[in-house]
Amino acid sequence: MALQLRVYVPPHPLIKHWLAVSRDESTPSVLFRSAMTELGRWLTYEAIRDWMPTVDTEVKTPLSPSAATFINPEIPIAVIPILRAGLSLLDGAQALLPLASIYHIGVVRNEETLEPTVYLNKFPEQFPPETKVLITEPMLATGGTITTVMGELTQRGISPENVRIISVVTAPPALQKLNVAFPGLVIYAAAIDEGLNEHGYIVPGLGDAGDRTFGT
Ligand code: URA
């Protein structure tokens, strides 16, 4: 069967709560940042439950041998925040993946054409192909930025099937674009909204995630 993009919206009350806080225009920046950290934590929790590599072994309890499962330390895990707004989800993700390597990439959208440009790329020339990659990107709107980042990753040896994205609000144009370009991808999101306005913002969305995180 042909691969298809999968998008999960976990029905978790904490995800709904922090999404509501982040959407509310009266939420101040300091609380918005907490909401994004919490969304980063709970979306990561959901995204890695059947994805983190484990290894079965045995340990000795004080009473007897016991079957045991550990996180497999031999499979590299990378977290990629897409600057700027992706930084807002990083603390929550890192709290659950403390040994992951963090690779920053900065992408800016031209406000008129909406075309993305990479202005910072800390990726290695090649990733070990078995690397598991978690991308943090709060808004998947037109799909231009995430498609650019996925292109940079696949050029460096990462297969889309090894990538999961956590996002707060997604919109159909981005999901359609990703389904065509990278059908093996899996996304964990707090919401799928109706669409975009003429400036490429998600409606109802939550506004500019970068501005609301950094107060500028
Ligand atoms: N980026 C944002 O910060 N907000 C949107 O609605 C779309 C892209």
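So, here is what we can say about the structure in this document. Not measured: the values here are computed from a predicted model.

**Let's talk about the overall build of the protein**
- A tally of regular secondary structure across the protein gives six helices and 13 strands.
- In summary, the protein has a C-alpha radius of gyration of 18 Å against a globular reference of 17 Å for 216 residues, a match within 12%.
- Overall, the C-alpha framework of the protein stretches about 65 × 40 × 35 Å when taken along its three principal axes.
- Sorting the 216 residues of the protein into buried and exposed places 48% on the buried side.
- Contacts in the protein between residues at least 24 apart in sequence constitute 66% of all its contacts with a sequence separation of at least 6.

**Structural notes on the packing of helix α1 (residues 13–23) against helix α2 (residues 29–47)**
- Contact geometry for α1 and α2: axes closest at 9 Å, N-to-C directions at 150 degrees. The pairing of α1 with α2 is recorded here as roughly antiparallel in orientation. The interaxial crossing formed by α1 with α2 has left-handed handedness. Judged by residue contacts, Leu14, Ile15, Trp18, Leu19, Val21 and Ser22 of α1 engage Leu31, Phe32, Ala35, Met36, Glu38, Leu39, Trp42, Leu43 and Glu46 from α2.
- Residues belonging to the contact of α1 with α2 are distributed by class as follows: 12 nonpolar, one polar and two charged.

**Structural notes on the pattern of salt bridges**
- One pass over the structure, following the stated rule, counts six salt bridges.
- Among the ionic pairs, arginine 41 bridges to glutamate 38, the shortest N-O distance being 3.2 Å. Here glutamate 38 and arginine 41 lie together in helix α2, a separation of three residues that amounts to about one turn.
- What makes arginine 41 partly exposed here is its relative accessible area of 26%.
- The exposure class of glutamate 38 is buried, given its relative accessible area of 19%.
- The partner of arginine 156 in a salt bridge is glutamate 152, with the nearest N and O atoms 2.8 Å apart. Just as arginine 156 is buried, glutamate 152 falls in that class too.

**So, the site of the ligand**
- Neighbouring the ligand are Arg109, Met139, Ala141, Gly200, Tyr201, Ile202, Gly207, Asp208 and Ala209.
- Contact between the ligand and isoleucine 202: an oxygen atom at 2.8 Å from a main-chain N or O atom of the residue.
- At a separation of 2.8 Å, a nitrogen atom of the ligand approaches a polar backbone atom of glycine 207.
- Along the lines of polarity and charge, the residues of the shell around the ligand split into five nonpolar, two polar and two charged.

**As for the nonpolar core**
- The biggest cluster of nonpolar side chains holds 35 residues, and the ones touching the most others in it are Leu39, Leu97, Leu134, Ile166, Val168, Val169 and Leu206.
- Among the secondary structure elements, those contributing two or more residues to this core are α1, α2, β4 (77–83), α3 (90–96), β10 (163–170) and β11 (186–192).
- Those residues within four positions of valine 168 in sequence are excluded, and the remaining contacts are Leu19, Ser22, Met36, Leu39, Leu89, Glu137, Pro138, Ala189, Ala190, Ala191 and Leu206.
- Within the second largest apolar cluster, 25 residues are counted, among which are Ile146, Val149, Leu153 and Ala174.

**A short note on the pairing of β4**
- Summarising burial for β4: seven of the seven residues are buried, a large majority.
- A two-sided burial pattern is seen for β4, the buried positions comprising Ile77, Val79, Pro81 and Leu83 on one face and Ala78, Ile80 and Ile82 on the other.
- Pairing of β4 with strand β8 (residues 132–136) involves five bridges; the strand directions are parallel. When the bridges of β8 are listed, isoleucine 80 appears paired with isoleucine 135.
- Bridge count between β4 and strand β5 (residues 101–102): two bridges; the pairing is parallel.

Parameters and conventions
Residues numbered from 1 in each chain as written. Predicted model: local features only at pLDDT ≥ 70, side-chain atom pairs only at ≥ 80, totals over all residues. Heavy atoms only, no water. Helix = DSSP H or I, 4+ residues; strand = E, 2+ residues; numbered from the N terminus. Rg over C-alpha atoms; globule rule 2.2 N^0.38 Å. Buried < 20%, exposed > 50% of the residue type's maximum accessible area, 1.4 Å probe, protein only. Contact = heavy atoms within 4.5 Å. Axes fitted to C-alpha atoms, helices over the stretch in contact; angles between N-to-C directions. Parallel < 35°, antiparallel > 145°, perpendicular 65-115°, else oblique. Left-handed = near helix turned anticlockwise from the far one by under 90°. Nonpolar A, V, L, I, M, F, W, Y, C, P; charged D, E, K, R; others polar. Salt bridge = Lys/Arg side-chain N within 4 Å of Asp/Glu carboxyl O. Near = heavy atom within 4 Å. Polar contact = N/O pair within 3.5 Å; in protein donor to acceptor, adjacent residues only side chain to side chain. Core = buried A, V, L, I, M, F, W, Y, C linked by side-chain atoms within 4.5 Å. Pairing = 2+ DSSP bridges.

By themselves these figures say nothing about function.
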